[in-house]
Amino acid sequence: MPHFLQPTQSERIRLTLNTDGRSHPIENALAVGALVCGLVAFVALFFPGGHIVASWVGTLGFGVGFYSQYVSVTTPQRSLNIIGLVASFLGVALGIAGGGYLP
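Rules used throughout
Residues numbered from 1 in each chain as written. Predicted model: local features only at pLDDT ≥ 70, side-chain atom pairs only at ≥ 80, totals over all residues. Heavy atoms only, no water. Helix = DSSP H or I, 4+ residues; strand = E, 2+ residues; numbered from the N terminus. Buried < 20%, exposed > 50% of the residue type's maximum accessible area, 1.4 Å probe, protein only. Contact = heavy atoms within 4.5 Å. Areas by Shrake-Rupley, 256 points an atom, 1.4 Å probe, with all protein chains shown as cover. Expected span 1.5 Å × (residues − 1). Patch = residues over 30% accessible without salt bridge, like charges linked within 9 Å, V, L, I, M, F, W, Y side chains within 5 Å. Salt bridge = Lys/Arg side-chain N within 4 Å of Asp/Glu carboxyl O. Polar contact = N/O pair within 3.5 Å; in protein donor to acceptor, adjacent residues only side chain to side chain. Axes fitted to C-alpha atoms, helices over the stretch in contact; angles between N-to-C directions. Parallel < 35°, antiparallel > 145°, perpendicular 65-115°, else oblique. Left-handed = near helix turned anticlockwise from the far one by under 90°.

**Student:** How do you make sense of the overall build of the chain when you look at a structure like this?
**Tutor:** Looking only at helices and strands, the chain features 3 helices and 0 strands. Split into buried and exposed, the 103 residues of the chain put 33% on the buried side. For the chain, the proportion of contacts with a sequence separation of at least 24, taken over those separated by at least 6, is 75%. With an accessible surface of roughly 6,900 Å², the chain has 71% of that area assigned to carbon and sulfur atoms.

Structure below.
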């Protein structure tokens, strides 16, 4: 049973958000957008004065992530949405704790 752990030569590992075989460009863009907003909000926390960016981008990511979760079709889209939502929440919460939306 060695083929169970590794794909054979004819099988390729495919990373895709469209696991149902249909194209979902809007849902994919929303999922990636939520992830990017969440990561930007989280990374902004590590810079002085980044609480402003983290608060605003995290709030945007929170809204995009919730809507994207509502319209998502596949499990990989939902996974990206959850990662983006958690990172956005951390960005908003720690950004507000660090000073909020305004300088």
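**Student:** Help me understand helix α2 (residues 51-71) in this model?
**Tutor:** Because the α-helix completes a turn every 3.6 residues, residues three or four places apart line up on one side. Spanning 21 residues, α2 covers 30 Å between terminal C-alpha atoms, matching the ideal 30 Å at 1.5 Å per step. Looking at the buried residues of α2, the elements they touch are α1 (25-44) and α3 (75-98).

**Student:** Any chance you could explain a nonpolar patch on the surface here in plain terms?
**Tutor:** A grouping of Phe42, Val43, Phe46, Phe47, Ile82, Val86, Phe89, Leu90 and Leu94 is seen on the molecular surface, where their side chains present a nonpolar patch of about 870 Å² in accessible area. Of all the secondary-structure elements, those providing two or more residues to the nonpolar patch are α1 and α3. Within the secondary structure, Val43 sits in helix α1.

**Student:** How do you make sense of the side chain of Ser68 when you look at a structure like this?
**Tutor:** You can see Ser68 is positioned in helix α2. Engagement of the side chain of Ser68 in a polar contact is seen with the backbone nitrogen of Ala31, the distance being 3.3 Å. Polar side-chain contacts of Ser68 include one of 2.8 Å to the side chain of Asn81. Non-local contacts of Ser68, meaning those with residues more than four positions away in its chain, are made with Glu27, Leu30, Ala31 and Asn81.

**Student:** Just checking my understanding: could you explain the packing of α1 against α3 for this structure?
**Tutor:** Angle between the axes and distance between the axes are the two parameters that describe a pair of packed helices. Relative to each other, α1 and α3 sit at 30 degrees, their axes nearing to 7 Å. As the angle between them shows, α1 and α3 are arranged roughly parallel. With respect to the hand of their crossing, α1 and α3 are arranged in left-handed fashion. Contacts between α1 and α3 involve Glu27, Asn28, Leu30, Ala31, Val32, Ala34, Leu35, Cys37, Gly38, Leu39, Ala41 and Phe42 from the first element and Gln77, Leu80, Asn81, Ile83, Gly84, Ala87, Ser88, Leu90 and Gly91 from the second.

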